[in-house]
Amino acid sequence: METPYSSKDKCCGCGACLRVCPKDAISFRKDLDGFVYPKIDSSLCIDCGACVKKCDFGKTKNFHNSVSPMALAFVNSNKDALHGSASGGAFSALAKHVLDNGGVVYGASWGKGMKPEHARIADWSDISRVQGSKYVQSDLTPILSKLKQDVSEGSDVLFSGTPCQCAAVRSLFGRKTPDNLICVEVICHGVPSAKLFLDFVEYLETKVNGEIVDLRFRDKNRGWGALLAVDFRVSGGKVKTRYFKPEEVYYYYYFYRGMFFRESCYSCPYAKRERYSDWTIGDFWGAAKYCENIDTSKGVSVIIASTDKGISLVNELRNDGVVKEVPMDDVVRENGQLVHPSVKPDCYNELMAEYRSLGAAAFASKFEKNNWKLVFKGRLKRSIPLWLKKAIHS
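Notes on the structure in this doc start here. (Residues numbered from 1 in each chain as written. Predicted model: local features only at pLDDT ≥ 70, side-chain atom pairs only at ≥ 80, totals over all residues. Heavy atoms only, no water.)

### Considering the pattern of salt bridges
Any two side chains of opposite charge can pair if their charged atoms end up close together.
(1) Moving on: A full pass over the atoms with the stated rule returns 20 salt bridges.
(2) Moving on: Between Asp31 and Lys8 there is a salt bridge, with the nearest N and O atoms lying 2.9 Å from each other. With Asp31 in the loop between β1 (26-30) and β2 (36-40) and Lys8 in the segment before α1 (16-20), the pair connects residues that are 23 residues apart, well separated along the chain.
(3) Moving on: The exposure class assigned to Lys8 is partly exposed, which follows from its relative accessible area of 38%.
(4) Moving on: Among the salt bridges present, the one from Lys115 reaches Asp139, with a minimum N-O distance of 3.7 Å. Placement of Lys115 in the loop between β4 (104-110) and β5 (116-121) and of Asp139 in the loop between β5 and α5 (144-152) is noted, with a sequence separation of 24 residues between them. (Salt bridge = Lys/Arg side-chain N within 4 Å of Asp/Glu carboxyl O. Helix = DSSP H or I, 4+ residues; strand = E, 2+ residues; numbered from the N terminus. Buried < 20%, exposed > 50% of the residue type's maximum accessible area, 1.4 Å probe, protein only.)

See the structure below:
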């Protein structure tokens with residue numbers, strides 16, 4: 001009996017194998033850290049090999065796009081869309097274009113109980129559900145059937161996700177990606193499991209003494225950068241917000257240091273200069289050095305258009321924001337994940353074992369105690385008013 005993966009570093013947990021199994025013989029099983037892997041029920045399996053054939057992880061190495069990629073800086077001219085985006089609002093601009101033309105959009109969202117999962121939207125009023133960075137692996141399995149149906153019915157379909165998720169979606173359609181399917185991948189560092197994230201949410205709820213109803217890893221109320229905003233409901237129904245810098249909370253801190261990712265992230269076959277999605281998007285860090293006439297204070301996206309379709313979409317959106325073509329080398333210089341995977345920390349196994357042993361609450365308490373200077377620094381940075389930060393930098 002063939003299996004879709006041979007070791008943990010060969011599976012990204014996308015769920016494509018579950019979708020294609022004709023006998024529903026495959027289900028996800030979680031390991032000790034909550035990362036999901038396919039498990040085959042041998043009593044149902046007919047050994048057809050569909051799961052192995054559809055698994056795209058690492059198999060695109062021989063695929064070559066017919067065009068040279070185009071790199072651009074982008075800032076959305078819609079102020080609300082820009083504010084709600086993690087960077088310059090490139091995804092929002094493309095989503096509006098698709099929705100205005102009767103299409104649908106799929107992106108990472110918070111489901112019931114803050115479960116990270118992909119959602120489908122068909123109206124611009126729902127755009128906030130799929131905006132912003134989600135630093136966790138989202139569940140694709142609930143939407144794959146509907147997405148394939150939308151594509152087959154001829155609707156324009158925009159899918160946004162990690163590079164491996166985009167590869168999984170493309171694999172549903174064989175070797176040729178349908179013309180009405182637009183794949184947009186994010187510049188990805190790696191993904192923690194849903195379990196690790198939901199543990200963090202539970203910890204935050206005790207910290208803020210309320211029920212978390214929304215979480216924004218890249219809130220812009222105090223400028224473009226790394227600021228966690230936590231919306232929580234207290235007794236009486238009122239919703240309040242608290243902010244945290246990465247140094248203040250263990251999950252955010254370790255995410256930026258390449259910790260808590262699934263094994264496959266450290267050998268990601270998609271983290272290279274050649275890209276397979278129509279667009280690759282992310283923060284254009286250091287944009288001020290390369291784009292003198294662009295206001296970078298509220299965020300700048302980088303768009304890498306790697307297909308004819310992607311380049312055509314860039315040209316259609318030139319009136320929706322500030323667009324400036326930039327050398328690919330400048331973009332790569334500021335985003336290492338475009339050319340190599342995240343490096344697995346030497347302390348990864350030791351820290352994960354400690355997390356399993358202590359649990360989230362005790363692990364968080366130990367982090368704050370042992371790193372009190374770091375936590376204090378984060379609180380101090382967060383307390384500086386935006387106007388003073390601007391004055392200092394000017």
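### Here we look at the pairing of strand β12 (residues 301-305)
(1) Moving on: Counted residue by residue, β12 has five buried out of five residues, so it is predominantly covered.
(2) Moving on: Pairing between strand β3 (residues 70-76) and β12: five bridges, direction antiparallel. When the sheet's bridge partners are listed, Ala71 is paired in β12 with Ile304.
(3) Moving on: Pairing of strand β11 (residues 279-283) with β12 involves five bridges; the strand directions are antiparallel. The partner of Trp279 across the bridge, within β12, is Ala305. (Pairing = 2+ DSSP bridges.)

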